[in-house]
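Spelled out from the first residue to the last, the chains are:
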Amino acid sequence: MGPKIIALEGKTMNVAETDNVASNLNDFFEGLSTHPVFNNDYFQYIKENEWNPQTYELYRANFFYRTELTVKGIAHVCARSAAVNDMDTLILFAYILSEETALCVNLSPYTRSMS
């Protein structure tokens, strides 16, 4: 009996190929968390300085004011990339949308659970 065959988006792959794709996808998502864009001076500043109720209120209000349209903008990018079959952009921005909405779903086909 030969290797198990799995159909994915009209393509046929054996289990080893599917495992490789899943591993590459997991590596890609893990790499996003260490992307240089997250090494921001502002983020470093708020990590290093002590917070009190007043500074917390200020940072919270500033965050919501500055990111008010973020989710809508990311959703628009997802819609446009889906419309033109740009799967790389769709996957990346779906991940970002998940983070922005605090869903952070593990997208591995083997663990499909909430992180």
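Residues numbered from 1 in each chain as written. Predicted model: local features only at pLDDT ≥ 70, side-chain atom pairs only at ≥ 80, totals over all residues. Heavy atoms only, no water.

Participant: Looking at this structure, how should I read the packing of aromatic side chains?
Facilitator: Aromatic ring pairs: the centre-centre distance and the angle between the two ring planes describe each pair. A complete count under the given rule lists four aromatic pairs for this structure. A ring pair is formed by Phe29 and Tyr95, whose centres lie 4.7 Å apart and whose planes are at 20 degrees; its orientation type is stacked. Taken together, the residues Phe29 in helix H1 (residues 15–32) and Tyr95 in helix H5 (residues 87–100) connect sequence positions 66 residues apart. The pair Phe29 / Tyr95 is uniform in exposure class, with both members buried. Residues Trp51 and Tyr56 carry aromatic rings whose centres are separated by 6.0 Å and whose planes lie at 45 degrees to one another, so their mutual orientation is tilted. Looking at Trp51, the relative accessible area reads 37%, which means it is partly exposed. Following the ring pairs from residue to residue traces out a cluster consisting of Phe28, Phe29 and Tyr95. (Phe/Tyr/Trp six-rings, centres within 6.5 Å; stacked < 30°, edge-to-face > 60°. Helix = DSSP H or I, 4+ residues; strand = E, 2+ residues; numbered from the N terminus. Buried < 20%, exposed > 50% of the residue type's maximum accessible area, 1.4 Å probe, protein only.)

Participant: Explain the layout of surface pockets here, please?
Facilitator: Take a probe with the size of a water molecule and roll it over the atoms, and the empty space left behind shows itself. Approximately 710 Å³ is the volume attributed to the largest pocket. Along the wall of the largest pocket there are 22 residues; nearest its centre are Phe38, Phe43, Phe63, Thr67 and Glu100. Here the element with the most residues in the lining of the largest pocket is H5; it accounts for six residues. The residue makeup of the lining of the largest pocket, split by class, is 13 nonpolar, five polar and four charged. (1 Å grid on protein atoms, 1.4 Å probe; cavity = no way out; pocket = protein on both sides within 12 Å on 5 of 7 lines; lining within 4 Å. Points joined across faces, edges and corners; volume = space filled by probe spheres on them. Nonpolar A, V, L, I, M, F, W, Y, C, P; charged D, E, K, R; others polar.)

Participant: How should I be thinking about unusual backbone geometry in this particular structure?
Facilitator: Positive phi, close to 60 degrees, is recorded for Asn85, a residue that is not glycine. The topology assignment puts Asn85 in the loop between helix H4 (70–83) and H5. Exposure remark for Asn85: the relative accessible area of 60% places this residue in the exposed category.

Participant: Please explain the side chain of Ser81 as it appears in this structure.
Facilitator: Within the secondary structure, Ser81 sits in helix H4. Under the relative-accessibility criterion, Ser81 is labelled buried at 5%. Setting aside anything within four residues of it in sequence, one finds Ser81 in contact with Asp86, Thr89 and Leu90. (Contact = heavy atoms within 4.5 Å.)

Participant: What is the right way to look at the confidence of the model for the protein chain in this model?
Facilitator: Averaged over every residue, the pLDDT of the protein chain is 77; the share at 70 or more is 74%. Between the elements of the protein chain, mean pLDDT differs from a low of 50, seen in strand S1 (residues 5–8), to a high of 93, seen in H4. Contacts from residues 110–115, a stretch scored under 50 in pLDDT, to residues over four places away or in other chains number 13 contacts. (pLDDT = per-residue confidence, 0-100.)

Participant: Please explain the environment of Leu90 as it appears in this structure.
Facilitator: With respect to the secondary-structure elements, Leu90 resides in helix H5. C-alpha separation for the pair Leu90 and Ala79, spaced 11 residues apart in sequence, amounts to 8.0 Å. The contacts of Leu90, once residues within four sequence positions are left out, are Cys78, Ser81 and Ala82.

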